[in-house]
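The chain contents come next:
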Amino acid sequence: DMIDNNDWEMIYVSANNILDYQDIGELTTILLESNINPLNYLDFIPECYLASTYISKLDIPKHIKKIDNLAFTSCEYLSIISIPDNIEEIGELAFFNCYNLINIYISKNLKKLGDDVFYKCNNLENIYFDGTLEQWGSLELNRQELYGPEYTVHCVDGTYVRKED
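S.K.: Any chance you could break down unusual backbone geometry for me, citing the residues and the numbers?
M.R.: Not every positive phi belongs to a glycine, and L70 is a case in point at roughly 60°. Here L70 is to be found in the loop between β2 (66-67) and β3 (80-83). The class of L70 is buried, set by a relative accessible area of 18%. Phi at S74 is positive, roughly 55°, even though this residue is not glycine.

Here you go:
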């Protein structure tokens, strides 16, 4: 039997009530390498699901549509990530405290970018966005990046430099 989104959320919330981030990270690391990886059954990456895991690279499955809030929290080994065409939304603080994240590649199909997505990503240097500056501007328009690092967004028609706060 397959686990659906609601079943997985109930399992995860239950685990989250009794396990700390490090335990969740170890559990997730095991699940990612197994045939019961929840990402095979869900259409989103759940809140805190990848928190504190030892991943350095993740190939996001093509059926995933959303990266939830805090999904990659404290993934200290993550230095580069590619957000594929199928991702339409990245939640708040999705990459919080991924302090070794240097480069991120984002598809122009992204429709929503949450607040403080890159908070405490102090080594972030480049965002490669395969859309235009105007498209990037519309993603930035309704969000806050209160304490984010300085980084350069490379678009097809130019660059945008975000200054550190």
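Anyway, onward from the coordinates.
S.K.: Tell me about the sheet that holds strand β4 (residues 89-90), and name the residues and values.
M.R.: The strand order across the open sheet formed by 4 strands is β1-β2-β4-β6, and the pairing between neighbours is parallel. Single-partner strands in this sheet number two, and they are β1 (44-45) and β6 (112-113). Looking at chain direction, β2 and β4 are connected through 2 bridges and run parallel. Looking at the pairing, I67 lines up with I90 of β4.

S.K.: Describe the pairing of strand β9 (residues 158-162), with residues and values.
M.R.: Across 5 bridges, the pairing between strand β8 (residues 151-155) and β9 is antiparallel. When the sheet's bridge partners are listed, H154 is paired in β9 with T159. In this structure, the hairpin formed by β8 and β9 is closed by a connection of 2 residues.

S.K.: Describe the nonpolar core, with residues and values.
M.R.: Counting residues in hydrophobic clusters, the biggest one holds 36 residues, and the most contacted among them are I45, I67, F72, I83, I90 and F95. For this core, the elements supplying multiple residues, two or more each, are β3, β5 (103-106), β7 (126-129), α3 (133-141) and β8. Take this core: its biggest share by element is 3 residues, from β8.

S.K.: Please set out the packing of aromatic side chains residue by residue, giving values where relevant.
M.R.: Enumeration according to the criterion identifies 7 aromatic pairs in this entry. Ring geometry for F95 against F118: centres 6.2 Å apart, planes inclined by 15°, an arrangement best described as stacked. Here F118 lies in the loop between β6 and β7 and F95 lies in the loop between β4 and β5, a separation of 23 residues in the sequence. No difference in accessibility class separates F95 from F118, as the two residues are buried. Where F96 meets Y119, the ring centres are 5.4 Å apart and the plane angle is 15°; that geometry is what we call stacked. Here F96, found in the loop between β4 and β5, pairs with Y119, found in the loop between β6 and β7; they are 23 residues apart in sequence, far enough to count as distant. Among the residues examined, F96 registers a relative accessible area of 21% and is labelled partly exposed. Through a chain of ring-to-ring contacts, the aromatic side chains of F72, F95, F118 and Y151 assemble into a single cluster.

S.K.: Explain the sheet that holds β7 to me, using residue names and the numbers behind them.
M.R.: In sheet architecture, strand pairing relies on hydrogen bonds along the backbone and comes in two forms, parallel and antiparallel. An order of β3-β5-β7-β8-β9 is seen for the 5 strands of this open sheet, with the pairing classed as mixed. At either margin of the open sheet sits one strand with a lone partner, and together these are β3 and β9. When the angles between neighbouring strand axes are averaged without regard to direction, this sheet yields 15°. Its contacts with the sheet place α3 against β5, β7, β8 and β9, and it is angled at close to 30° to β9.

Cut-offs applied
- Residues numbered from 1 in each chain as written.
- Predicted model: local features only at pLDDT ≥ 70, side-chain atom pairs only at ≥ 80, totals over all residues.
- Heavy atoms only, no water.
- Helix = DSSP H or I, 4+ residues; strand = E, 2+ residues; numbered from the N terminus.
- Buried < 20%, exposed > 50% of the residue type's maximum accessible area, 1.4 Å probe, protein only.
- Pairing = 2+ DSSP bridges.
- Core = buried A, V, L, I, M, F, W, Y, C linked by side-chain atoms within 4.5 Å.
- Phe/Tyr/Trp six-rings, centres within 6.5 Å; stacked < 30°, edge-to-face > 60°.
- Axes fitted to C-alpha atoms, helices over the stretch in contact; angles between N-to-C directions.
- Contact = heavy atoms within 4.5 Å.

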